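Observations on the model geometry
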Amino acid sequence: MSIISLQGLKKTYKLGDNIVQALAGVTLDIAQGEFVAITGPSGSGKSTMMHILGCLDRPTEGKYMLNGKDVSSLPRDELADIRNKQIGFVFQGFNLLPRTTAVENVEVPLLYTRPVMPAAERRERAMKALTAMGLQDRYDHHPNQLSGGQQQRVAIARALVNEPTLILADEPTGNLDTKTSIEVMRILQELREEKGITIVLITHEPDIAAYGTRIIAVRDGKILSDEPNTPRSTLEMAPEQIMVTAN
Amino acid sequence: MFALMPVNIRLALRSLSRNRLRTLLTMLGMIIGVAAVLTMVALGTGARASVEGEVGSAGTKLVFVHSGNYIRGGASVGIEEGSGGADTLTLADMNAIKSEVQGIKFISPGLSTRTSVTVGATKAFAKIEGVAPAYSDAYSWDLKPGKMFEDNSSQAVVGRALADQLFGKGSNPVGKSMQIRDQVFEIVGVTSGESEDHKDTVFVPYQKLQSALGMQNIKEIVIAADKAGEASRIGEDVKKVLRKRHGQGNGAAKSYLSAQAGSGTSPDDFTVETQAAQALTKGLYTPAAAFALANLPKLDEVNLEEMADTLDHASDTMTALLASIAGVSLIVGGIGIMNIMLVSVTERTREIGLRVASGARSSDVAMQFLIEAVTLSVLGGLIGLVLGLVASRLIGWSLAWPVSVSFAAMGLAMGIAAAVGLVFGIYPARRASLLDPIDALRTE
């Protein structure tokens, strides 16, 4: 069963007098448990696609079915509830709240769960998610006391805390060094393998896209190619490291 | 929406504590505004309460007619002197006043002496007042315990302090007897009247005191007007009646100006005083002040309503002044809060984006910022409350102005603070809630 189904998705923006077509008709199905890497240069429309997939934006035209439900034209509040329950976001800049402890950062999505979740349950679930990321000892650390990799792991814990069926990762390794990037990719692969969570990864780095089970290349708002991929093992060394070794 | 209140308040406090100086400066307007509101109410209600107390205890409706004329004067100041103390008033005078002057509710003759009273073995020196039963009504005594004596009876009413002195504190002397000179009176009531020296006086029917003192005339007539504010008019009418009866010229010279104008003929042999004049001159012991007041033309036309009006006016002026300070600082404080909240929304755009991505609805975001604004204003309000308490005490103490701070006033001040936060927080909160999450997440 496909968790995501896009049919003729179009998105146009008005930029001054110009009309920009960010998405020019995208039709796509993503099945549950896939690890889809969407690649493309900047301006290709991959970010717009991710915003629509994340229910942060609505398409101008076309249909978006998420878990069998048409969400293309839902009102804002219902989209908020869908983001809350079904989608976990991982961002390039981590987007952790400063001067807020790790566990409180993880709790954020639980604050907006309806019906309202009691504080004790929020804390318990957030701690569980942090523990899954191996950060239980750092629960009371502020983001500036954590390394980049740890910060991204807190962000992943936050994305997972409401047990979503879909994780949208927007350039999650953009701010990380190679070693940490691989670590993060391993976590995403494990989530897919162990929990069957569908992962959509947006990246412009082919190396990172290679960790997916399917690679979709986007250009000018259209799908250029859509190929299954044998995911690269996170046990392999990254090309940069090979080069370093070679030298 | 409200279930997240504790979380939102905690978030607000945390974000406010991150920038303490900024928070404090933002709250300054609120602090001053609330302090001004509180001080204003404290001074206003304090003044009003004291005026009301004055009006209540002084008995605004009373007019006194004394025999004799104590006007001071002499050739040096060009004012004719009064005739001094004399027994010039009669019961017939009183009856004439009663029948000829309109608007009198109660009227009582009065004469007094100071002598010793004996209860068993206890002896005390006290003032004895001979009055009619209507005296009790004129002063609105609440006789607890007991009742007013009957006319021309051998009954007496004693003041509370004297009763305490003679029979023990808080005792009930009703039914007991007391000896005044060679007459025995049965005590029928105790008055705790606040006015004048009622507390230390024994009241007996005036006929008994007349016979004891061998007097035909009376010293004083106490008149209670039907309506407050009529005292001065009644006083004037009483003067006319008495001048006619006593054969004195109309408009006896009293003041320097009228003496110069030569309008007077002979001085009155009585004095008419309203309660207001008495209240005003009470406590002025310096001869100069007493002279000035006693000779002030038309002083007895000042009634307590006018006095109350004057005081009210003064407190109104003060209130208006403070209200404008309060109003301006609350508006400025509110704008300050709005300003800083708008800055905060801009600074925290990414946070808003993240919250929206995590499933926060627009109303959740709006609520968070609204609560932050209200927290800011209420915190400022609390500080202002403390400041206002100190300020009103200080002003009350330095200007000898009565202050009263009620819980209602404090509640009002805090309510205003919260309302300001709410009103000026709405716009920034709305701005935050309408942020496009995509733009919000993109902001660096």
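Since the structure is predicted, the reported quantities are computational estimates derived from the model, not experimental observations. (Residues numbered from 1 in each chain as written. Chains lettered and ligands numbered in written order. Predicted model: local features only at pLDDT ≥ 70, side-chain atom pairs only at ≥ 80, totals over all residues. Heavy atoms only, no water.)

Quick look at the packing of helix α3 (residues 102–111) of chain A against helix α4 (residues 119–132) of chain A
All names here are of chain A. Running from N to C, α3 and α4 point in directions that differ by 120°, and their axes come no closer than 9 Å. In terms of orientation, α3 lies oblique with respect to α4. Note that α3 runs across α4; the crossing there is right-handed. Along its contact with α3, which presents Ala102, Val103, Glu104, Val106, Glu107, Leu110 and Leu111, the element α4 presents Arg122, Arg123, Arg125, Ala126, Met127, Ala129 and Leu130. Its residues assigned to classes, the contact of α3 with α4 shows nine nonpolar, no polar and five charged. (Axes fitted to C-alpha atoms, helices over the stretch in contact; angles between N-to-C directions. Helix = DSSP H or I, 4+ residues; strand = E, 2+ residues; numbered from the N terminus. Parallel < 35°, antiparallel > 145°, perpendicular 65-115°, else oblique. Left-handed = near helix turned anticlockwise from the far one by under 90°. Contact = heavy atoms within 4.5 Å. Nonpolar A, V, L, I, M, F, W, Y, C, P; charged D, E, K, R; others polar.)

Side note on the sheet that holds strand β10 (residues 222–228) of chain A
Residues and elements named next belong to chain A. Read across the open sheet, the six strands follow the order β6-β7-β8-β3-β9-β10; overall the sheet is mixed. Of all the strands in the sheet, just β6 (87–90) and β10 have a single pairing partner and so form its edges. Going from strand to strand, the sheet's axes swing by 15° on average, the running direction of each strand aside. Relative to strand β7 (residues 166–170), β6 runs parallel, the two being bridged by four bridges. Residue pairing across strands places Phe89 opposite Leu168, the latter belonging to β7. (Pairing = 2+ DSSP bridges.)

Brief notes about the side chain of Thr39 of chain B
Residues and elements named next belong to chain B. With respect to the helices and strands, the residue Thr39 is situated in helix α2 (residues 20–58). When its relative accessible area of 4% is taken as the criterion, Thr39 is described as buried. Setting aside its immediate chain neighbours within four residues, Thr39 contacts Leu322, Gly388, Ala391, Ser392 and Ile395. (Buried < 20%, exposed > 50% of the residue type's maximum accessible area, 1.4 Å probe, protein only.)

Details of the packing of aromatic side chains
All names here are of chain B. Under the defined criterion, the tally for this structure stands at three aromatic pairs over all chains. With a centroid separation of 5.0 Å and an interplanar angle of 45°, the aromatic rings of Tyr135 and Tyr139 are classed as tilted. For the pair Tyr135 and Tyr139, one class covers both residues: buried. Measuring from centroid to centroid gives 5.6 Å for Tyr135 and Phe203, while their planes differ by 40°, and the two rings are tilted. Separated by 68 residues along the polypeptide, Tyr135 in helix α4 (residues 134–138) and Phe203 in strand β8 (residues 201–205) bring together distant segments of the chain. Looking at Phe203, the relative accessible area reads 0%, which means it is buried. Clustering of aromatic rings is evident, with ring pairs tying together Tyr135, Tyr139 and Phe203. (Phe/Tyr/Trp six-rings, centres within 6.5 Å; stacked < 30°, edge-to-face > 60°.)

A look at helix α13 (residues 362–398) of chain B
An ideal rise of 1.5 Å per residue puts 54 Å on 37 residues; α13 of chain B measures up with 52 Å between its terminal C-alpha atoms. Following α13 of chain B by one or two positions, Ala400 of chain B has its phi on the positive side, about 50°. (Expected span 1.5 Å × (residues − 1).)

Without other data, these values stay purely geometric and don't point to any function.
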